[in-house]
Every structure is written in C-alpha cells, then in structure tokens.
Amino acid sequence: MEKVIIFEDVYKYYSFYHHIYGGIKSFLFNLPKAINQMKNNKFWVLKGVSFEVYKGETLGIIGRNGTGKSTTLGLIAGVIRPSKGRIIVKGKISPLLELGSGFHPDLTGRENIILNGILLGMTRKEIMKKIDQIIEFSELGEFIEHPIRTYSTGMLARLGFSIAIHVEPEILLIDEILAVGDVQFQKKCIDRMLSFKKRGISIVFVSHDMGAVNMICDRVIWLDSGSIKMEGKPSSVTKAYQG
Amino acid sequence: MLALTQKEIKARYKSSFLGYLWSIANPLSLALVFFLAFKVFMKIPIENYALFLIAGLFPWQWFANSVLGSAGVYLGNASLIKKINFPREFPILALIFHDAFHFIASFPVILLFLFIYEKHPSLEWLYGIPLLFIVHIGLTFSIALVVGSINIFFRDLERLISIFITFLFYFTPVIYSEEMIPTQYRAFIYINPIAPLIISWRNLFLEGCFDFTKWFITLIYSILMLSVAYFIFNKLKWKFAEVI
C-alpha cells in the first residue's frame, strides 16, 4: 500500500511571545528578558509522534483539548513546520477544515470560493466549472452573495466543507467541522466522506464525536499530551479513551 | 498569473467607482495643498509646479499606499494563512498590483495636466514606463514584504511605518526638485532608494526623458533589497500561521 502521509518522530513546540505581542516598544524595553523568553520558554505540543496514513485510508485522531490534534493537522496541511522530525505528504490537500472560517470576511461566499480555489492552485476555469456544485452542496441559497461576516458558524462550516470536497483533494483534513452543522448536514457530510473513501481518497479526521469516528475511520490514534497513547481499531481505541 | 487573478478579485471589491475617485482624489488634494503652500504662498521657483507635483505624487502614492497597506495584509488574511498553504508572497503582490492599477488609472489625470501646460507625451514613455514599473514593483515589494512579515510579530510596527513614510516623503524630491538641494548634500539623496525612482518618473512624465543611470541605480537597489527582504521573509514565513 502506498503511504500518503508519513510522520517520522515529529516534535513541535510553540514559543511564547508575550513581549512580542506587546509590540516593538515592549520588546525593546524588555530586550534581555524577551530574548531569554523566546529561547527558553517553549511549549512542546508534539513530542515524537510517528505514524503513517495509507492511500484511501481514513485516520481518526482523538484526544483531549490541547494535546496536539490540530497542530498535527496544521503540519499535514503545511501551514506550520515541525521543530524536529520529518513529515512527508504526497498529494493535493484540501483546505484545513476547522471551526472558524478560512475565509476573507468582507468577500461574499461566492468570491471566497474563488479565492480559496485560486490559493489552492486551481485555475479560474476549473473553479467556474465547480462553483455551482459547491454552492448547491452548501445549501446556502441566496446567502452566497452576502459577505462572509454575516454568516453563522454553521453556515461557515457548510461553505468550508463544500469547498474542501469539491476541489478534488487527494487528502482531506477535517477538524471538528461536523459539530456545528445540523443533523441533516452532518449526515450529508458523512455520506460524502464515505463516498470519498470508496474513491481512494485519504482522510484525516479529528473529532470528539466517537460515533462519527467509529463510523468512518479505519484506524484511530489517541493523542495524549503530545504523544501517541494508543493506536488501533476505532472500536477498541474509542472504548479505551472513553473508559 | 495566480497573483493577478487574486488581484482581480481584490480589485473588484475594493475599487468601485468611488474607490477610483478616492485614489485620484487623495494625491490631487495633496497636490492642491502643496501648490497653495509652496507656489502661491512661498513662491517656489519651479515652473509648471502643479504638473511637477502631480507627476511625482502619483508614483509616490503607489509606493506609500502599498507599504502602508502591507502592514495589515497578513493580519487581514489571517484565517486563510492558517488553513491553506499557499505562497505567502501572494497577499503582498496582490496589494501592490491593486495599487498599481490605481496608478495606471491616474494616467489620464497626468495627461490632462500635460495638456493644460501645453506639453505632450513622448515616445520615451513606451519603454520608460515598463522599465520604471519593474524597479518600482521591486522596491515596493521588498519593503512591503518585510513590513508585512514583521508586523505579524510586532503589531505596533504599523504606526512606526507611517512615521517612516512621512520622513521618506520629505527626503524624496517630490515637492521640491533635485536641483534645489545644496550641492554638497545632493549626493545624499541617493541613499534614499525611492529618490532616483520618483525623479525618474517625474522626468519621464514632464520632460519625456529617461535617465538610464538613475534607473540602473534603482535596479541595483531593488535587487539588493529584494535579497534582504527574501532572507527575512523566508526565516519568518513558517511562523506566520503560528503567531497570527
């Protein structure tokens, strides 16, 4: 089986930037302290995580808040870099789907679809071919012509999900997106993910919804304080996690 | 091409007709104020002063707007940066092309003033404008890239930049001519990379002459500054999604 995502002993830390957040003034006035802090005050989110995702596989990642689930997705998406270790990702990635919008607040839904598409490397023509399907799937109706800032969380999730599945990704990254949709939309998304699986698309699915994890995942990783506590069949891992 | 398309989108929602009017009105009103202050009140010895001002102010505004705007560009696109791994230069490029669009849109005004002062465009414009565009974009892009990247980390940089831009404005021969600077200081304005650029634009518009030496100085500046800018940018760009 072909591996599409490989994590080799990946470490990731975030520095605390208190003095930097205070701006240049605060940084200069506290220069020695600030530099010291940047060097030493590190928060290790991932401590030596290794796993693979095979082509067509759906990997679930579960764990408590702040254990590095979203960081892992960010690393796969390539928006952040590991501090140590190696990550190999093969294939086109969907926009990272998570709560909160991946959109420009002042543009309309339609314009955001185009913008997202372009940033993902699609041509204008390709986007125009897809745009009606995306709008239809999102069920946003006339809201598609309104600026994103007027959208509710659920509507944002709908738009985000519709874009992600229509850009023909080879890897789909999903972070808790289903939690805010209504039941019907959730069902529609799960159906779509199952049909993606059939087409051989790999999915990394982060969720607190054990029912959904059990339903769509082939394998589950349980992250605890930055390392893998358990890995295996969905049923056994979710059971241990909930236990 | 990607960046251009993005620009198109950005331009569409930003530059309505009022947006166009505004982009012209700002340098024009500045020109009016300077005209009153320096020509009418202080009797500055420059002929065709209104035209002189406009020919320098429009390119200056392109530079200044892009640099000022760059501070907020990444913060404004924060959610996209966190979710999609696209070349991080794009938002800055889109901004510069957007302002370039406004600059081009101001050409009719420059032509109008040329006509008023009984001057006319020259053939030198044909190669002069594209050549100056290249170095103008190079210079603006390198400064904007650094400002945009650093502003993610130090969010009060924005305010410092506007002070810096004001300084730069008065040290660039926009409201006065190069010849008015005392000879012993004249060479010093070439420390300012924007000075030869703005002088070249104005000479091209006003006299229809293209000075290759000044262009070449600006080219060297933009290459140097681009390499420094990319050095900083490449170090910082991986932190964008973490800090933003």
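Shown above is the structure to which this text applies.
Report on the accompanying structure. (Residues numbered from 1 in each chain as written. Chains lettered and ligands numbered in written order. Predicted model: local features only at pLDDT ≥ 70, side-chain atom pairs only at ≥ 80, totals over all residues.)

Turning next to the overall build of chain A. Broken down by element type, chain A carries ten helices and eight strands. Each of the 243 residues in chain A was classed as buried or not, and the buried ones make up 42%. By sequence separation, contacts in chain A at least 24 residues apart represent 73% of the contacts at least 6 residues apart. (Helix = DSSP H or I, 4+ residues; strand = E, 2+ residues; numbered from the N terminus. Buried ≥ 20, exposed ≤ 12 C-beta atoms within 10 Å, placed from the backbone. Contact = placed C-beta atoms within 7 Å.)

This part is about the nonpolar core. Of all hydrophobic cores here, the largest spans 127 residues; its most connected members are Leu 173, Val 204 and Phe 205 of chain A together with Ala 144 of chain B. At 16 residues, helix H3 (residues 49-76) of chain B tops the list of elements feeding residues into this core. (Core = buried A, V, L, I, M, F, W, Y, C linked by C-beta atoms within 7 Å.)

Attention now goes to the packing of H3 of chain B against helix H6 (residues 107-116) of chain B. All names here are of chain B. The N-to-C vectors of H3 and H6 enclose an angle of 160°; their axes lie 10 Å apart at closest approach. In this view, H3 runs roughly antiparallel relative to H6, as classed from their interaxial angle. Between H3 and H6 lies a crossing of left-handed hand. Facing H3, whose interface residues are Ala 50, Leu 51, Ile 54, Ala 55 and Phe 58, H6 presents Val 109, Ile 110, Phe 113 and Leu 114. Partitioning the contact of H3 with H6 into residue classes produces nine nonpolar, no polar and no charged. (Axes fitted to C-alpha atoms, helices over the stretch in contact; angles between N-to-C directions. Parallel < 35°, antiparallel > 145°, perpendicular 65-115°, else oblique. Left-handed = near helix turned anticlockwise from the far one by under 90°. Nonpolar A, V, L, I, M, F, W, Y, C, P; charged D, E, K, R; others polar.)

So, on to the sheet that holds strand S1 (residues 3-15) of chain A. Residue and element names in this part refer to chain A. Spatial ordering of the open sheet is given by S2-S1-S4, a layout of three strands whose pairing is antiparallel. The open sheet has two free edges, formed respectively by strand S2 (42-54) and strand S4 (84-89), since each of these has just one partner strand. Each strand of the sheet is rotated relative to its neighbour by a mean of 20°, with strand direction disregarded. Judged from the ten bridges that link them, S1 and S2 form a sheet pairing that is antiparallel. Looking at the pairing, Lys 3 lines up with Tyr 54 of S2. (Pairing = 2+ DSSP bridges.)

Below, the discussion takes up the packing of H3 of chain B against helix H5 (residues 90-105) of chain B. Residue and element names in this part refer to chain B. Where H3 contacts H5, the two axes come as close as 9 Å, and the packing angle between them is 150°. With respect to their mutual orientation, H3 and H5 come out roughly antiparallel. In terms of crossing hand, the pair formed by H3 and H5 is right-handed. Contact residues: Phe 58, Pro 59, Trp 62, Asn 65, Ser 66, Gly 69, Ser 70, Val 73 and Tyr 74 in H3; Pro 91, Ile 92, Leu 95, Ile 96, Asp 99, Ala 100 and Phe 103 in H5. A breakdown of the residues in the contact of H3 with H5 according to their chemical character gives eleven nonpolar, four polar and one charged.

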